[in-house]
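What follows is the residue order along each chain.
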Number of protein chains: 2
Amino acid sequence: MKINSEVIARTALRLLDDVGLDGLTMRLIAQDLGVRAPTLYWHIKNKQELLDAMATLVYVEAAERLEPPRDGSAWEDWLADWARQLRQAMLSHRDGARVLAGTYVNHETVHRAVELNLRTLRDAGFTLSEAARGFPAVLHYTIGHTIEEQAHTSAAYGDDNPYTPERLAAMVDAERFPLTAQASSDLLGMDGDTGFEYGLRIVVLGLRAAKQERERG
Amino acid sequence: MKINSEVIARTALRLLDDVGLDGLTMRLIAQDLGVRAPTLYWHIKNKQELLDAMATLVYVEAAERLEPPRDGSAWEDWLADWARQLRQAMLSHRDGARVLAGTYVNHETVHRAVELNLRTLRDAGFTLSEAARGFPAVLHYTIGHTIEEQAHTSAAYGDDNPYTPERLAAMVDAERFPLTAQASSDLLGMDGDTGFEYGLRIVVLGLRAAKQERERG
DNA sequence: TAGAGTCCCTAACACCGTTAGATACGGCGG
DNA sequence: CCGCCGTATCTAACGGTGTTAGGGACTCTA
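The structure presented is a predicted model; accordingly, all values stated were derived computationally and were not measured. (Residues numbered from 1 in each chain as written. Chains lettered and ligands numbered in written order. Predicted model: local features only at pLDDT ≥ 70, side-chain atom pairs only at ≥ 80, totals over all residues. Heavy atoms only, no water.)

**Q** In this structure, what is going on with the protein's contact with DNA strand D? I would like to understand it.
**A** If you check the shell around DNA strand D, you find 16 residues, and the closest are Tyr41 and Lys47 of chain A together with Arg36, Thr39 and His43 of chain B. Here, DNA strand D places atoms within 4 Å of the protein, and 62% of those atoms are sugar or phosphate. Between DNA strand D and the protein, one listed contact pairs a base nitrogen with a side-chain N or O atom of Arg27 of chain A at 2.9 Å. Tyr41 of chain A places a side-chain nitrogen or oxygen 2.5 Å from a phosphate oxygen of DNA strand D. Mapped by element, the contributors of at least two residues to the surface near DNA strand D are helix 2 (26-32) and helix 3 (37-43) of chain A together with helix 3 (37-43) of chain B. When residues in the surface near DNA strand D are grouped by element, the largest group, 4 residues, is from helix 3 of chain B. Classifying every residue of the surface near DNA strand D by side-chain character gives 7 nonpolar, 4 polar and 5 charged. (Near = heavy atom within 4 Å. Polar contact = N/O pair within 3.5 Å; in protein donor to acceptor, adjacent residues only side chain to side chain. Helix = DSSP H or I, 4+ residues; strand = E, 2+ residues; numbered from the N terminus. Nonpolar A, V, L, I, M, F, W, Y, C, P; charged D, E, K, R; others polar.)

**Q** Explain the environment of Lys45 of chain B to me, please; I cannot follow it from the model alone.
**A** All names here are of chain B. Position of Lys45 among the secondary structure elements: in the loop between helix 3 and helix 4 (47-63). The class for Lys45 is exposed, based on a relative accessible area of 62%. As a C-alpha pair, Lys45 and Ser5 span 40 residues in sequence and 9.7 Å in three-dimensional space. (Buried < 20%, exposed > 50% of the residue type's maximum accessible area, 1.4 Å probe, protein only.)

**Q** Explain the side chain of Glu149 of chain B here, please?
**A** Residue and element names in this part refer to chain B. Tracing the chain through its elements places Glu149 in helix 8 (residues 128-152). Residue classification places Glu149 among the buried residues on the basis of a relative accessible area of 16%. Those residues in contact with Glu149, other than ones at most four positions away along the chain, are Arg87, Leu91 and Gly192. (Contact = heavy atoms within 4.5 Å.)

**Q** How do you make sense of unusual backbone geometry when you look at a structure like this?
**A** A negative phi holds for most residues other than glycine; trans holds for most peptide bonds. Look at Asp95 of chain A: it is not a glycine, yet its phi comes out positive at around 60°. Examined against the element boundaries, Asp95 of chain A turns out to sit in the loop between helix 5 (75-91) and helix 6 (96-100).

**Q** Could you clarify how one ought to interpret the protein's contact with DNA strand C in this entry?
**A** Around DNA strand C sit 16 residues in total, of which Arg36 and Thr39 of chain A together with Thr25, Tyr41 and Lys47 of chain B are the nearest. Sugar and phosphate atoms represent 64% of those atoms of DNA strand C found within 4 Å of the protein. The contact in question runs from a phosphate oxygen of DNA strand C to an N or O atom on the backbone of Met26 of chain B, over 3.0 Å. Here the surface near DNA strand C takes 4 residues from helix 3 of chain A, the largest share from any one element. Counted by class, the surface near DNA strand C contains 7 nonpolar, 4 polar and 5 charged residues.

**Q** What exactly am I supposed to notice about the relation of the copies chain B and chain A here?
**A** The two copies are related by a screw motion: chain B maps onto chain A through a turn of 180° and a shift of 0.0 Å along the axis, at an RMSD of 0.1 Å. Here the transformation between the copies is reduced to the relation of a two-fold axis. (Least-squares fit on C-alpha atoms with pLDDT ≥ 70 in both.)

**Q** Help me understand the environment of Arg208 of chain B, please; the structure alone is not making it clear to me.
**A** Mapped onto the elements of the fold, Arg208 of chain B is located in helix 12 (residues 192-216). Residue class for Arg208 of chain B comes out partly exposed when judged on its relative accessible area of 28%.

**Q** So what exactly am I meant to see when it comes to the interface of chain B and chain A here?
**A** You'll often see interface size given as the accessible area lost when the parts meet. Counting residues at the interface gives 58 residues for chain B and 58 residues for chain A. Summed over both partners, the interface of chain B with chain A comes to about 5300 Å²; 67% of that surface belongs to carbon and sulfur atoms. Among the residues of chain B in contact with chain A, Tyr104, Arg133 and Leu179 of chain B are the three that bury the most area, contributing 14% of the side total. Counting the contacts that link chain B with chain A gives 8 salt bridges. Between Arg201 of chain B and Glu213 of chain A there is a salt bridge; the shortest N-O distance is 3.2 Å. Elements that contribute at least two residues to the side of chain B that touches chain A include exactly helix 7 (108-123), helix 8, helix 9 (165-171), helix 10 (178-182), helix 11 (184-188) and helix 12 of chain B. (Buried area = accessible area lost by both parts, 1.4 Å probe. Salt bridge = Lys/Arg side-chain N within 4 Å of Asp/Glu carboxyl O.)

**Q** Sorry if this is basic, but what is going on with the packing of aromatic side chains here?
**A** Any aromatic ring pair is given by two values, namely how distant the centres are and how the planes are angled relative to each other. Here the structure, examined in full by the defined rule, presents 4 aromatic pairs over all chains. Ring centres of Tyr141 of chain A and Phe196 of chain A lie 5.6 Å apart, and the angle between their planes is 15°; on these two criteria the pair is classed as stacked. Remark: Phe196 of chain A occurs in helix 12 (residues 192-216) and Tyr141 of chain A occurs in helix 8 (residues 128-152); sequence separation between them is 55 residues. A single burial state applies to Tyr141 of chain A and to Phe196 of chain A, both of which are buried. Here Trp75 of chain B and Phe126 of chain B contribute two aromatic rings whose centre-to-centre distance is 4.9 Å and whose plane-to-plane angle is 85°, an arrangement assigned as edge-to-face. With Trp75 of chain B in helix 5 (residues 75-91) and Phe126 of chain B in the loop between helix 7 and helix 8, the pair connects residues that are 51 residues apart, well separated along the chain. Directly above the aromatic system of Phe126 of chain A lies the positively charged group of Lys211 of chain A, at a separation of 5.6 Å from the ring centroid. (Phe/Tyr/Trp six-rings, centres within 6.5 Å; stacked < 30°, edge-to-face > 60°. Lys NZ or Arg CZ within 6 Å of the ring centre and 35° of its normal.)

**Q** Help me understand the side chain of Lys211 of chain A, please; the structure alone is not making it clear to me.
**A** Along the chain, Lys211 of chain A falls in helix 12. With residues near it in sequence (within four places) discarded, Lys211 of chain A still touches Ala124, Gly125, Phe126 and Glu130 of chain A.

Given below as structure tokens:
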């Protein structure tokens, strides 16, 4: 297969699932491509640029399936689905959120997604300014949640992950922090999906409430 | 000054502001302490443990000033202030959000903060379960926003930061993405505070809306 | 056929986190 | 006073990292 920057990024993304972000070295990627490490520098400027390209691939993976809302479907559902797709794209790669976080992706597919977000919200009665300031909130929540989620389930801990619900629950002093102890199952015992959905609902409800407050003046 | 793990973490945190996370090496930290790198390993297990200790310091910095809400003050304001303090603690160190993200901090001060969050929300009429599932949403939004914010203003780019509003605005094709182009000042021209406050308001409004929906049944 | 451009190589550099093993220094029991 | 033990530091080094320099081979084109 012909080597170019996108092929390198795809290979790196595949290897990422095996070795994790810390184990992803230029030499390993090169080996997988049947080539020596310095060769990669013919195609990419440096490792950071490679990481950016990987982030772009993940982002595009989430954005390319995005379609305008069908007639009659609620903007709340459409927006929540977009957040779910983004989260799934990150979850589908080990350390995916860490790769994505803080990488401003510049790709046509992403511009399309932004435009679609703005149009959908504006068509639903938001002002353009509300839409432009509001939908990043969904984005930031989604990224923040997924980073935390992936960090806690990280395979990097091997067999002694300190984030098991039991371990964490054992740490809080039930005398001094009674509510924390009482709520530990809600705080820690939730699987990622449930926790994400709860917060996502809050953000979407918040967007609706902000719009209504403006409409009422 | 006597060296111990906390002194090392404090030193590392101070150096972080000068050199950034990627420039923070064990040898540099040791030099600043008037010591050689291997000496650090007498006091800490490895670099990851040091990073965890640094994250703990930042987190505690935000949490230790936290006080119960004064009588009569609204839970919305109290919760928003807590988020602002956390954000300020991250912003007060270069790459602070990256250091914090994904590090589950286990420290008494943080337990206290969690307990205080739960109590405040429950006293305001939330169920304990609502509080336990709801306040992480604020946390995740805050972390997500601040990571993105710090990445875009990162000094790592030197003089050619690609995230200036002008550069980004120039990238979008106004013909194909008219709303994006039109909203570019709202999307990009905002300073971090304004954008953060807008999203924070949305999350808080969302919590209130979720509570009201339950109360109405 | 000469030259230019493309793509890959070997060799090496500077630096990284980390370990092994020796060395100094203090207090304490005999 | 001596010898010992725990504490805290050192030097030397290992295997690894991202990255650069410079040299070949191959292909296309004039």
